[in-house]
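Chains, contacts and geometry: an overview
Read off the chains here:
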Amino acid sequence: MFKTKLIATMLASAFCAAGASAAWTPDKPVEFIVTSGAGGGTDIFTRTIQSIIVKNKLMDAPIVVVNKGGGAGSEGYVYGSAEQNNPYRVTFGTNNEYLLPLVAKMGYASEGFTPVAAMALDEFLIWVNSNSPHKDAKSFIEAAKKGDGLRMGGSQSKDTDQTLVSIISEATGAKFTYIPFKSGGEAAIQLAGAHIDSNVNNPNENIGQWKANMVRPLCVFSPKRMAAGPKVTKDMSWSDIPTCKESGVPIETYQMPRTIWLPAGVSPEVVTFYSNVMAKVQQTPDWKAYIEKTSQTGTFMAGDELRKYITQDTARAYSVFKREGWLAK
Amino acid sequence: MRTTSGVLLTRLTMEVATALVTGLIGATVCYGSLEFGIGWGDAGPQPGYFPFYVGLIVIIASTVNLGFGIYHHRDRVEEFLTTEQGQRILAFFGPMFLFVLVSSFLGLYVGMILYLFSVMVFQGGYRLPKALAVSLITAIANYFLFEVWFKVPLLKGPLEALIGIH
Amino acid sequence: MDNFSNLMDGFAIAFSFFHLALMAVGVLLGILVGVLPGLGAPNGVSLLLPLTFTMDPVSAIILLTSMYWGALFGGSTTSILFNIPGEPSSVATTFDGYPMAQQGHATHALTLAFMSAGFGAMFGVVVITVLSGWVTQFALKFSSPEYFAVFLLTFASFIGMGSGSAFKAIVSMMLGFAFATVGMDGISGNMRLTFGFSELVKGISFLVAVIGLFGLGELMQTMEEGLRFDGIHARIRVRDVFKAVASMPSHWMTLLRSSLIGCWMGITPGGPTAASFMSYGLAKRFSRRKEHFGKGEPAGVVAPETADHSAGTCAILPMLALGVPGSATAAVMMGGLMIWGLTPGPMLFIERPDFVWGTIASMYLGNVMAVVLVLATVPMFAAILRIPFSIIGPMIVVVCFIGAYTISGSRLDLWLALPFGILGYVFKKLGYPIAPMVLAMVLGDKAEDAFRQSMMMSKGSLAIFWNNSALVATIMSLAMLLLFWPMVSMIIRRLRGAEHGKRISA
């Protein structure tokens, strides 16, 4: 008797939960807020998802993509969290959502968002000009220890690139002069023109130059080598690049999650709706093609797993920011 | 030959006022740039260096303009705005200001309808139906152009939400 | 002649009914977004992007580039007719285009603008066709010191042109620099001059300033004088069109110089806006009719338009060949390229010659089509001008504020446009030049970034601007020469004799 009652309650609650999660669907246009300028990594990430949703009809409501990349993306985050219970503003970004407010007064708080999903992890590599004497990460690091060190270019200031450079310096004692450019693309061209000694670009930012043999990858900050894929240059594919750890740089992993957010005030059903849509996006062949083409690591994180990841990622960056004195007063 | 009776603002007043305003902006810029250091460090200028000196130059140049303005126009002959011109400017700027004010609370669509309608009726002397038609058609045309066709959302307020337009 | 046969293959791809239709649609849509201030070419292109996901890459890029050409042309139309630059790069066109229209030469101004724009674009495409390999190599030589030198050169070519008070020009330019520093500092990551307003984090948009300074400021001036656009008749008279076309050869020097400036600025990412300013500045400096500039001088329309379009066209090359976008619109297209599965970069020319040369061929066709179509839209604008001013005046106000809002969807921008309007009106009446402020807002933060990057590279030594490369030294010397040109030209005038100078002042 007691048992059946229990089952009945369980069924009822399960039914309710299912009913509730199916209850919310958007009935007016949804804004996809891109926290980068048009053409940036986050922009391509967002528009790829948009195109997959449209093509596979994963959502009935129309999608409006708006670029708000001002202030290193903070413009988008300010806008995305301005209306705390508006379920029609989905913000697309990276780990800068929780890192930006640490280094400057940004006009939004990272608690103003609730994470929906992380769709991919972008890799970081050490790149040098193809005429550089450094053939592997070890000799590169050794060279950077001498004298004034080496010129390292990257995208933005106190962002993921500069954080990684600081981690490398801390772990190895190498010295770098970090020069911030507007984008990873600019850092790629500066390296191809040999105006800087190296950069730590994502695969997608340097692939064009690598294909043309203008730059050379030394190692990737990933626990294991990247997926092979087709050959990029005559004799190398992505999987031929050693991990930094195996080439003697004692950093296990450094990756950048591509993330999706909602304002913190929306109901759990809304979050479930969008994370379900994203879960479907992530299974399409188009998405797999995007991951392969941009040489990212496909992962899907949502819910508690994602929260845990964010906490860890924040803690790691926090210690770097503290050491460098970047923390906002 | 003009007399000063119809003069609302003399050139002297405006020269002085403008120089003071630009000088004030310069001072604000200087003050704001103090936050991040205005020196020249190892890696070149600090973040506040450029804005600070830019602000300083604005202050200096504004002071010179103030002096020249007073010197050249000390006889107060030249007018900046006659009363009649002032009225015209006010008749144009006033509604425009209200348009922005209304729009920032009720959205651009409501703002533009009210603005076009009242300007046409009270200043253009048009009949009510014509003014109403023009303002409504403008709003609807803009709605289709921006929201529907180009998918660029314009500022919307509570009224649109009431009638279910997103 | 390898490039030539490639180009012929390209034409074979681009010259199909479907592609020609796409071009027409793209150009017309482009004219529309170009005409509306705030809704610029970058918006237009990103809007069409989802449509192209299912298209063949060649068709997609044809649609997008055609839209870009259309927008560039459309921007000039409103500059000339209403003094409202529809695109940032057509700001300089207002300087002489609008006065021409006021004097009743709207048709002449528009035709000149379109023809020189077409010339500039053609020049750009020819440069791309012939020099694609070399240009790519050249663009790689640019680093921060070189960029700074290019920006300095732009300022130098524009400085010292005004006839009014030097101190007023200084105030105007420095205010522009100050506005440009608002928001995030790219080098340190700090938020400068935001005073705690989160809406200021993205900075003060140059377009909002332009809408206020030019659009609203001009309307206030018109209202105050009680004028009602009486002077403007934009009726297209075929005779006027032919007269304008016939006068084109007399501008050959301006056309050539401006095309070269445009190409230069398009390849080195100075961008079309900087190109048009620089070209205007130099045209005035080298003109024998200096004192007519700003009052409706035809060469003052030819110069910025030519440079604007040749820069816009040339900016496509670094985008395809290096993956560096030379303009905001090119940046959006590059995003599109990646979504279509192409990797912009040096290998694109080898891997997908059909795409590259199809695109280049379509640039020839698209620009010809754009000139024809944009001329055809002029009667429509003429019709708009026949609407009574008591309706069209407020309409322009509405369009201005919609423009201000759509730039970044910010309420604050509506409020910023108002003071900029007052500033534009008061400055104009008191003889403060507005152009230096606009130029400083466009290039100010870029120049500062380049300067500070250079300082990081050189560890604080200014010598980097002379000894980094032969290139930077050359550009710096040119800039210095231009900066001191007024003195040089004075000496030359002295040498030529005093009576010549007397004739000018009389």
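Fair warning: this is a prediction, and the values are worked out from it, not measured in the lab.

Cut-off values and rules
- Residues numbered from 1 in each chain as written.
- Chains lettered and ligands numbered in written order.
- Predicted model: local features only at pLDDT ≥ 70, side-chain atom pairs only at ≥ 80, totals over all residues.
- Helix = DSSP H or I, 4+ residues; strand = E, 2+ residues; numbered from the N terminus.
- Rg over C-alpha atoms; globule rule 2.2 N^0.38 Å.
- Contact = placed C-beta atoms within 7 Å.
- Buried ≥ 20, exposed ≤ 12 C-beta atoms within 10 Å, placed from the backbone.
- Pairing = 2+ DSSP bridges.
- Axes fitted to C-alpha atoms, helices over the stretch in contact; angles between N-to-C directions.
- Domains from an automatic or database assignment.
- Nonpolar A, V, L, I, M, F, W, Y, C, P; charged D, E, K, R; others polar.
- Parallel < 35°, antiparallel > 145°, perpendicular 65-115°, else oblique.
- Left-handed = near helix turned anticlockwise from the far one by under 90°.
- Expected span 1.5 Å × (residues − 1).
- pLDDT = per-residue confidence, 0-100.

Moving on: the overall build of chain A. Regarding its fold elements, chain A presents eleven helices and eleven strands. By the compact-globule yardstick of 20 Å for 329 residues, chain A fits well, its C-alpha radius of gyration being 21 Å. Seen along its three principal axes, the alpha-carbon backbone of chain A occupies a region of about 75 × 45 × 45 Å. Counted over contacts in chain A with a minimum sequence separation of 6, partners at least 24 positions apart contribute 75%.

Moving on, we come to the overall build of chain C. From N to C terminus, chain C includes 24 helices and two strands. Taken over C-alpha atoms, the radius of gyration comes to 22 Å for chain C, in line with the 23 Å a tight globule of 506 residues would show. If you line up chain C on its principal axes, its C-alpha atoms span 60 × 60 × 55 Å. Taken across its 506 residues, chain C has 66% of its residues classed as buried. Of the contacts formed within chain C by residues at least 6 apart in sequence, a portion of 79% connects residues at least 24 apart.

Let us now look at the sheet that holds strand 11 (residues 297–301) of chain A. One key point about sheets: their strands pair by backbone hydrogen bonds, in either a parallel or an antiparallel sense. Residue and element names in this part refer to chain A. Spatial ordering of the open sheet is given by 2-1-3-10-4-11, a layout of six strands whose pairing is mixed. For this open sheet the edge positions go to strand 2 (63–67) and strand 11, each flanked by a neighbour on one side alone. On average, each strand axis in the sheet is inclined to that of its neighbour by 20°, with strand direction left out of account. The pairing of strand 4 (residues 113–123) with strand 10 (residues 255–263) spans nine bridges and is antiparallel. Within the sheet, the bridge partner assigned to Thr114 lies in strand 10 and is Leu262. Here helix 2 (residues 41–56) sits on the sheet and contacts strand 1 (30–34), strand 2, strand 3 (89–93) and strand 10; the angle it forms with strand 2, its principal contact strand, is near 175°.

Here Val58 of chain B lies in helix 2 (residues 49–72). Distance in space between the C-alpha atoms of Val58 of chain B and Gly26 of chain B is 5.1 Å, their sequence separation being 32 residues. Apart from the residues lying within four places of it in its own chain, the contact partners of Val58 of chain B are Thr22, Gly23, Ile25, Gly26 and Val29 of chain B together with Val171, Met174, Leu175 and Ala178 of chain C.

Moving on, we come to the domain arrangement of chain A. All names here are of chain A. Per the domain assignment, the segments making up chain A are domain 1 (30–120 + 256–324) and domain 2 (125–253). The straight-line distance from the C-alpha centre of domain 1 to that of domain 2 is 26 Å. Among the secondary structure elements, those contributing two or more residues to the side of domain 1 that touches domain 2 are helix 4 (96–103) and helix 11 (303–324). Take the side of domain 1 that touches domain 2: its biggest share by element is four residues, from helix 11.

Often, the extent of an interface is quoted as the loss of accessible area upon association of its parts. Across the boundary between the two partners, chain B contributes 54 residues, which contact 47 residues of chain C. Those elements giving two or more residues to the side of chain B that touches chain C turn out to be helix 1 (11–33), strand 3 (44–45), helix 2, helix 3 (83–106), helix 4 (108–123) and helix 5 (128–149) of chain B. Grouping the amino acids of the side of chain B that touches chain C by side-chain chemistry returns 35 nonpolar, 15 polar and four charged.

Residue and element names in this part refer to chain A. The sheet built from five strands is open, its strands ordered 7-6-8-5-9 with mixed pairing. Only two strands of the sheet have a single neighbouring strand rather than two, namely strand 7 (176–181) and strand 9 (215–220). As defined by bridge partners, strand 6 (residues 150–155) adjoins strand 8 (residues 198–199) across two bridges and the pair is classed as parallel. Looking across to strand 8, one finds that Gly153 is bridged to Asn199.

With 41 residues of chain C at the contact, the number on the chain A side is 47 residues. Of all the elements in the fold, those that place two or more residues in the side of chain C that touches chain A are helix 3 (41–52), strand 1 (183–184), helix 15 (328–339) and helix 20 (435–458) of chain C. Tallying contributions element by element places helix 15 of chain C first for the side of chain C that touches chain A, with six residues. The class makeup of the residues in the side of chain C that touches chain A is 22 nonpolar, 17 polar and two charged.

Residues and elements named next belong to chain A. Where burial is concerned, most of helix 4 is hidden: six out of the eight residues are buried. All of the buried residues in helix 4 are Asn96, Glu97, Tyr98, Leu99, Leu100 and Val103. The inward-facing, buried residues of helix 4 contact helix 3 (74–80), strand 3, strand 4, strand 10 and helix 11.

All names here are of chain A. In this structure, Lys57 takes a positive phi of about 50° despite not being glycine. Note on Lys57: 7 C-beta atoms within 10 Å, which makes it exposed. For Lys158, which is not glycine, the phi torsion reads 55° and is therefore positive. With respect to the helices, strands and loops of the structure, Lys158 is situated in the loop between strand 6 and helix 6 (160–172). For Lys158, a count of 26 C-beta atoms within 10 Å translates into the label buried.

All right, on to the packing of helix 4 of chain B against helix 18 (residues 389–408) of chain C then. Think of two packed helices as two axes; the pair is described by the angle between the axes and how far apart they sit. Two numbers describe how helix 4 of chain B lies on helix 18 of chain C: the axes approach to 10 Å, and their chain directions differ by 160°. Between helix 4 of chain B and helix 18 of chain C, the crossing angle belongs to the class labelled roughly antiparallel. Relative to helix 18 of chain C, the crossing made by helix 4 of chain B is right-handed. From helix 4 of chain B, Leu108, Met112, Tyr115, Leu116, Val119, Met120 and Gln123 of chain B reach across to helix 18 of chain C, where they touch Ser390, Ile391, Pro394, Val398, Ile402 and Tyr405 of chain C. Residue classes in the contact of helix 4 of chain B with helix 18 of chain C are distributed as eleven nonpolar, two polar and no charged.

Turning next to helix 13 (residues 299–314) of chain C. In this model helix 13 of chain C runs 22 Å from its N-terminal to its C-terminal C-alpha over 16 residues, within 8% of the 22 Å that 1.5 Å per residue would give. Taken across its 16 residues, helix 13 of chain C has 16 buried, putting it largely inside the fold.

With that out of the way, let us pick up the confidence of the model for chain A. The predicted model of chain A averages 89 in pLDDT, with 93% of residues at 70 or higher. Across residues 10–21 of chain A the pLDDT falls below 50, and counting only partners more than four positions away or on other chains, this stretch makes three contacts in the model.

In this section: the confidence of the model for chain C. All names here are of chain C. Of all residues in chain C, 94% have pLDDT values of 70 or greater, and the mean over the chain is 85. Mean pLDDT across the elements of chain C bottoms out in helix 24 (residues 498–505) (46) and peaks in helix 19 (residues 411–430) (94). pLDDT under 50 marks residues 500–506. Its contacts with residues more than four places away, or in other chains, come to two contacts. In the model output, the complex is listed with pTM 0.88 alongside ipTM 0.93.

On to the environment of Thr111 of chain C, then. Residue and element names in this part refer to chain C. With respect to the element layout, Thr111 can be found in helix 6 (residues 106–140). When the 24 C-beta atoms within 10 Å are taken as the criterion, Thr111 is described as buried. Sequence separation of Thr111 and Thr222 is 111 residues, and the distance between their C-alpha atoms is 25 Å. Not counting residues up to four positions away in its chain, the partners in contact with Thr111 are Asp240, Val241, Ala244 and Val245.

Residue and element names in this part refer to chain C. For the pair helix 5 (residues 91–102) and helix 6, interaxial distance at closest approach is 7 Å and the crossing angle is 150°. Classified by chirality, the crossing of helix 6 by helix 5 is right-handed. Facing Thr93, Gly97, Met100 and Ala101 of helix 5, the residues of helix 6 in contact are Ala106, His108, Ala109 and Ala113. Within the contact of helix 5 with helix 6, the residues separate by chemical class into five nonpolar, three polar and no charged.

Residue and element names in this part refer to chain B. Its place among the elements puts Leu20 in helix 1. The partly exposed category is assigned to Leu20, around which 15 C-beta atoms lie within 10 Å. In this structure, the C-alpha to C-alpha distance between Leu20 and Ala133, residues 113 residues apart in sequence, is 45 Å.

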